[in-house]
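# A closer look at the structure
Listed below are the residues making up each chain.
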Amino acid sequence: MNKEVGQPPVLEKLATFIVDKRNLIFFLYACALIFCLFSRNWVNVCNDITEYLPDTTETRQGLTLMDEEFTTFGTARVMVAHVTADIASDLSEQIEQIEGVSAASLGESTAGANTEDEPETPEEIEKYFKGANALISVTFEGEENDEVSLAAMEQIKALLAPYDYYIDSTVGNSQADSLADEMNIILLVAAAIVIFVLLLTSRSYAEIPVLLCTFIAAAILNMGTNFVFGEISFVSNSVTVVLQLALAIDYAIIMLHRFLEERTDKPDREACIAAVSAAIPSICASSLTTISGLAAMMFMQFRIGFDMGSILIKAILFSMLSVFTLMPGLLMLFSKAMAKTQHRSFIPKIDRWGRLTLRLRHIGVLLFAVVLVAAFLLSNQCPYVYSYTKLETARHNDSQIAQQKINDMFGAQNMMALLVPKGDYDSEKALLQRLEAYDEVDYAMGLSNVEIMDGYTLTDALKPRQFAEMTDLDYDLVCLVYGAYAAEKEEYGQIVGGLDDYAVPLMDMFFFAYDKVEEGYVDLDEDKQADLDNLYKQLSDAREQLLGEHYTRLLISLTLPEEGEETFSFLQTIHQEAERFYDPEQVYLVGNSTSDYDLSVSFSRDNILISVLSVVFVILVLLGTFQSVGLPVLLLLVIQGSIWINFAFPGVTQEPIFFMSYLIVTAIQMGANIDYAIVISTWYNELKDTMPKQEAIVQALNLAFPTVLTSGSILSAAGFLIAQITTEPSIVGIGACLCRGTLISMFLVMFILPQILYLGDQIVERTRFNIKIPEVNRSVSGTVYVNGRVRGRISGVVDASIHGVIHGDVSGVVETGAYQTEEVLQINEENPK
């Protein structure tokens, strides 16, 4: 009977099953990967960051209301360069004739308020024609994602192909598609960098396909299961696979190194079983700090944190699953190749660095304390922004170039939508007049001031004669229509008292009259019918955009920038004006500026929450790992210091940083980079019991350097590639800050942390505590293979390498090494040679 003791039986049995059933596991992985290659396309990607605002914010409530009650037609700003005014006018007319285009005009769009005459004054001409550049505003017949709008956009591009043109529009501009293309490039370059790093840090060339296959499988499994969330953000969809590689590569390296250590004195199968059973606890412990940092993101009020945190945690879990189940089979498959392709280590010993670190320990720690305080103060001066208007990227896509060109030439738009209860046209008109009186308002438009014909607005109440004169219809015919309208509304007093003074809002009467014409009650000649149809289309578009079931929408164009204290202050002014006429609970202001304001409010809370929760979660893990109060505090001091130093850079340069980049990088840096500190601290704690503390520090740095170098270089390289290749400003910020933060963390844990560990050793030891775990005695007989430390009684023949103390009788041959009795040991200590 052969038995093995030393590892928990459950892990032993599990490891044996994984290794022995590797062909079955390969088959299951093949099936899962084929499924995931198809299912990864099932997930919906959300490109709208406002979707993740809390439901209690004004922006989210207003957007939901607009989706329910209004139609928002797609629009485009088209700039044609190097043309004359006549050519621009002709192009505008041709664009308007394209099927799917509702209107095209020179100058800024007024969302349904179409005028028949082109601007004529020099000031008006300046608004749409500067130098040799013309601005054409286009309104589509459908919303931005409707097929009719997309087809029309393609026809516009075909029409303008002979010209130098730029189009700023959300129609046909898929952020998710462009990001996917960019991430494919990033993955290819990242793969090359990973292979290069692994070549430097590996011990055998055949290790690399094992690591790559393990990671690729984990990445595909993660992408293929995202559909369970239904919808994920464009941020999670784009950067998760790169961050998964950077965050989880450590797990595969831990398993690989354990296997290589075990196979020095064991056959491949037994070495693999021992490696799996030993690596599972250590990898699980290592992952807890990363998962805890990501879990802190899930508590953000801004729900994109939950989205990204949950998907990254799933990515970590799939990476662990692949390492535990797929990688052992790959190690067995490539074991012979790994033995044949061994090479010398390319990672140098860093004994000199370790000794230099210790010599500078007093200066280093003092300097770190000063830098820490300065970094804390400077990081609090970081210029956070909540929109993309102030952010710069290394690269620009075609859409961004077009938007920048048009904004530089004709100025940026800052359009707001004010939602108020419908029905009170007088209050609406008065509100619009008050808003237009402000210098901060370029124009304000609603049903009550949309001029249709002869100076009349949509909501003006017209008498029969006024309506007849405006529409050029027969007066008697109009009186019949007015009488029918009064009868339908059961306003019989108007019919009895005479219709001459009966006034009806123009829009209401027009739609009623048009319905009667369509029903055949009124016959019109061809020209009048064409005019009526044209006017009906204009009014219908305006009604769909500006009038809902319960609310009316007012459009306000601001002359202020999208974000800033002045803009946020004026938002409150708009509210105050609206609340003169409407119940404050029924007024909603929606636009990019309100979205930025709501994001700034949620950031204040999320910033504190992320900082506190990530520290709390990580410190709980460290307390359980090291069983000391002092050591977790020292480790956190270094990593939190790296975070403060990281964001002190934008505090000094005053370079704007997107708020979301700060929140996400803070959580990832705390959760992932703490692993570097744990590796060094663990080695130091083990070595200082067998050698002097100074030598233990030097050796700890030597042993930890390959791990820190491998993981840190991959994570920083991934961040650098994201920052340099992608054109999405929020993701660029994540990449740049993650790259810089990881490099800072690597330096601090390799220079400052050893000094702090050495000087703070007494604090660590005096704050230790013990968690007593009940010991379980195991009794076995027969032939027993031992892998681990055994305390108890052994009766039988021993054939093993023993490092320890035996209390009792020993009878055997010492093949290697030596033994000493306690008496001889005491004599040697008293009389050293």
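Before going further, it helps to examine the overall build of the protein chain. A count of helices and strands for the protein chain gives 28 helices and 19 strands. By residue count, 50% of the 833 residues in the protein chain fall in the buried class. Considering only contacts in the protein chain between residues 6 or more positions apart, those separated by 24 or more positions represent 81%. Carbon and sulfur atoms make up 55% of the accessible area of the protein chain, which totals about 41,100 Å².

A cluster of acidic side chains, namely Asp-472, Glu-488, Asp-515, Glu-518, Asp-525, Glu-526, Asp-527, Asp-531 and Asp-533, defines a negative patch on the protein surface. Secondary structure elements with two or more residues in the negative patch: α19 (506-518) and α20 (526-546). Take the negative patch: its biggest share by element is four residues, from α20. One can find Asp-515 in helix α19.

Before going further, it helps to spend a moment on the confidence of the model for the protein chain. Predicted confidence across the protein chain gives a mean pLDDT of 83, with 88% of residues reaching 70 or more. Scored below 50 in pLDDT, residues 1-8 makes 24 contacts in the model with residues more than four places away or belonging to other chains. Across residues 111-119 the pLDDT falls below 50, and counting only partners more than four positions away or on other chains, this stretch makes 13 contacts in the model.

Another point: the environment of Leu-260. Along the chain, Leu-260 turns up in helix α9 (residues 234-262). Here Leu-260 is in contact with Arg-203, Glu-207 and Met-338, once residues within four sequence places are set aside.

Let us look at α9. Compared with an ideal rise of 1.5 Å per residue, which puts 29 residues at 42 Å, α9 spans 43 Å between its outermost C-alpha atoms and is within 8% of the ideal. By the largest-angle criterion, Thr-240 marks the main kink of α9, which is about 45°. Among the 29 residues of α9, 24 are classified as buried, and the element is accordingly described as predominantly covered.

Turning next to unusual backbone geometry. Excluding glycine, most residues fall at negative phi; most peptide bonds, likewise, are trans. One non-glycine residue, His-82, lies in positive phi territory at about 60°. With respect to the secondary-structure elements, His-82 resides in the loop between β3 (75-81) and α4 (85-97).

Before going further, it helps to spend a moment on the sheet that holds strand β16 (residues 551-558). On the basis of which strands lie adjacent, the open sheet formed by four strands has the order β11-β16-β10-β17 and antiparallel pairing. The open sheet terminates on both sides in strands that have one partner only, identified here as β11 (441-445) and β17 (588-591). Neighbouring strand axes in the sheet, compared pairwise and without regard to direction, differ in orientation by 25° on average. Sheet topology note: the strand β10 (residues 415-421)/β17 ladder contains four bridges and is antiparallel. Counterpart to Met-416 in the pairing with β17 is Gly-591. Relative to β17, helix α3 (residues 58-69) is tilted by about 90°, and along the sheet it contacts β10, β16 and β17.

Turning our attention to the pattern of salt bridges. Across all of its chains, the model carries 16 salt bridges by this definition. For Arg-258, the salt bridge identified is with Glu-262, shortest N-O distance 3.4 Å. One end of the pair, Arg-258, and the other, Glu-262, are both in helix α9, four residues apart, so they sit about a helical turn from each other. Taken together, the shared-partner salt bridges in this structure form one network comprising Lys-688, Lys-693, Asp-761, Glu-765 and Arg-768.

Most of β10 is tucked away: six of the seven residues are buried. Relative to β16, β10 runs antiparallel, the two sharing seven bridges. Across the sheet, the residue bridging to Val-420 is Thr-552, located in β16.

Below, the discussion takes up the packing of helix α22 (residues 592-626) against helix α24 (residues 659-687). Contact geometry of α22 with α24 gives a least axis separation of 10 Å together with a crossing angle of 15°. For the element pair α22 / α24, the angle class is roughly parallel. For α22 against α24, the interelement crossing comes out right-handed. Counting all contacts with α22, which are made through Leu-599, Phe-603, Asp-606, Asn-607, Ile-610, Ser-614, Val-615, Val-618, Leu-622 and Phe-626, the residues of α24 involved are Phe-659, Tyr-662, Leu-663, Thr-666, Ala-667, Met-670, Ile-674, Ile-678, Ser-681, Thr-682 and Asn-685. By residue class, the composition of the contact of α22 with α24 is 14 nonpolar, six polar and one charged.

Another aspect to go through is the environment of Met-509. For Met-509, the location among the structural elements is in helix α19. What makes Met-509 buried here is its relative accessible area of 0%. When residues no more than four places from it in sequence are discounted, the contact partners of Met-509 are Phe-467, Val-481, Tyr-482, Tyr-485 and Val-504.

This brings us to the side chain of Asn-133. Its location among the elements puts Asn-133 in strand β6 (residues 133-140). Judged by its relative accessible area of 13%, Asn-133 is buried. Leave out the neighbours within four places in its chain, and Asn-133 touches Met-79, Val-80, Ala-81, His-82, Tyr-128, Met-409 and Phe-410.

For the rest of this paragraph, the subject is the packing of helix α13 (residues 361-379) against helix α26 (residues 729-759). Where α13 contacts α26, the axes come no closer than 9 Å and their chain directions differ by 110°. Classed by the angle they form, the pair α13 and α26 counts as roughly perpendicular. From α13, Arg-361, His-362, Gly-364, Val-365 and Phe-368 reach across to α26, where they touch Leu-748, Ile-752, Gln-755, Ile-756, Tyr-758 and Leu-759. Residues that form the contact of α13 with α26 fall into these classes: seven nonpolar, three polar and one charged.

Once that is clear, we can look at the packing of aromatic side chains. Inspection of every chain in the model, using the stated rule, returns 23 aromatic pairs. Where Tyr-384 meets Phe-603, the ring centres are 4.7 Å apart and the plane angle is 55°; that geometry is what we call tilted. Separated by 219 residues along the polypeptide, Tyr-384 in strand β9 (residues 384-385) and Phe-603 in helix α22 bring together distant segments of the chain. On the basis of relative accessibility, which here comes to 5%, the residue Phe-603 falls in the buried class. Residues Tyr-384 and Tyr-662 carry aromatic rings whose centres are separated by 5.2 Å and whose planes lie at 65° to one another, so their mutual orientation is edge-to-face. In this pair, Tyr-384 is assigned in strand β9 and Tyr-662 in helix α24, connecting sequence segments 278 residues apart. The same class applies to Tyr-384 and to Tyr-662, which are both buried. One aromatic cluster is present, built from ring pairs that chain together Phe-302, Tyr-384, Tyr-386, Tyr-388, Phe-603, Phe-647, Phe-658, Phe-659 and Tyr-662. Here Arg-465 stacks its cationic end above the ring of Tyr-475, 4.0 Å away from the centre of that ring.

Taken together, Ile-34, Phe-35, Leu-37, Phe-38 and Trp-42 make up a surface patch of nonpolar side chains, about 560 Å² in accessible area. Inspection of the secondary structure assignment puts Phe-35 in helix α2 (residues 22-39).

This part takes up the nonpolar core. Met-255, Phe-302 and Val-749 are the most contacted members of the largest nonpolar core, which totals 152 residues. When residues of this core are assigned to their parent elements, the largest contribution, 18 residues, is made by α9. In this structure, Leu-63, Ala-417, Tyr-482 and Leu-546 belong to the second largest nonpolar core, which totals 44 residues.

To continue, consider the side chain of Asp-596. In this structure, Asp-596 sits in helix α22. The side chain of Asp-596 is buried and forms no salt bridge, while Lys-390, the nearest opposite charge, is found at 9.0 Å. Leaving out residues up to four positions away in the same chain, Asp-596 has contacts with Tyr-386, Ser-387, Glu-562, Glu-563 and Phe-568.

Below, the discussion takes up helix α15 (residues 425-436). Because an α-helix packs 3.6 residues into every turn, residues spaced three or four apart end up facing the same way. Here α15 is twelve residues long and its end C-alpha atoms lie 17 Å apart, about the 16 Å a rise of 1.5 Å per residue gives. Those residues of α15 not exposed but buried are Tyr-425, Ser-427, Glu-428, Leu-431, Leu-432 and Leu-435. Taken end-on, α15 shows its buried residues confined to a sector of 160°, consistent with a single buried face. For α15, the exposed residues set more than 90 degrees away from the buried face come down to Asp-426 and Gln-433. On its buried face, α15 sits against β10, β11, β15 (504-505), α19, β16 and α21 (565-578).

Rules used throughout
- Residues numbered from 1 in each chain as written.
- Predicted model: local features only at pLDDT ≥ 70, side-chain atom pairs only at ≥ 80, totals over all residues.
- Heavy atoms only, no water.
- Helix = DSSP H or I, 4+ residues; strand = E, 2+ residues; numbered from the N terminus.
- Buried < 20%, exposed > 50% of the residue type's maximum accessible area, 1.4 Å probe, protein only.
- Contact = heavy atoms within 4.5 Å.
- Areas by Shrake-Rupley, 256 points an atom, 1.4 Å probe, with all protein chains shown as cover.
- Patch = residues over 30% accessible without salt bridge, like charges linked within 9 Å, V, L, I, M, F, W, Y side chains within 5 Å.
- Salt bridge = Lys/Arg side-chain N within 4 Å of Asp/Glu carboxyl O.
- Lys, Arg positive; Asp, Glu negative; His and termini not counted.
- Charge placed at Lys NZ, Arg CZ, Asp CG, Glu CD.
- pLDDT = per-residue confidence, 0-100.
- Expected span 1.5 Å × (residues − 1).
- Bend = angle between axes of the 7 residues up to and from the residue.
- Pairing = 2+ DSSP bridges.
- Axes fitted to C-alpha atoms, helices over the stretch in contact; angles between N-to-C directions.
- Parallel < 35°, antiparallel > 145°, perpendicular 65-115°, else oblique.
- Left-handed = near helix turned anticlockwise from the far one by under 90°.
- Nonpolar A, V, L, I, M, F, W, Y, C, P; charged D, E, K, R; others polar.
- Phe/Tyr/Trp six-rings, centres within 6.5 Å; stacked < 30°, edge-to-face > 60°.
- Lys NZ or Arg CZ within 6 Å of the ring centre and 35° of its normal.
- Core = buried A, V, L, I, M, F, W, Y, C linked by side-chain atoms within 4.5 Å.
- Arc of directions from axis to C-beta.

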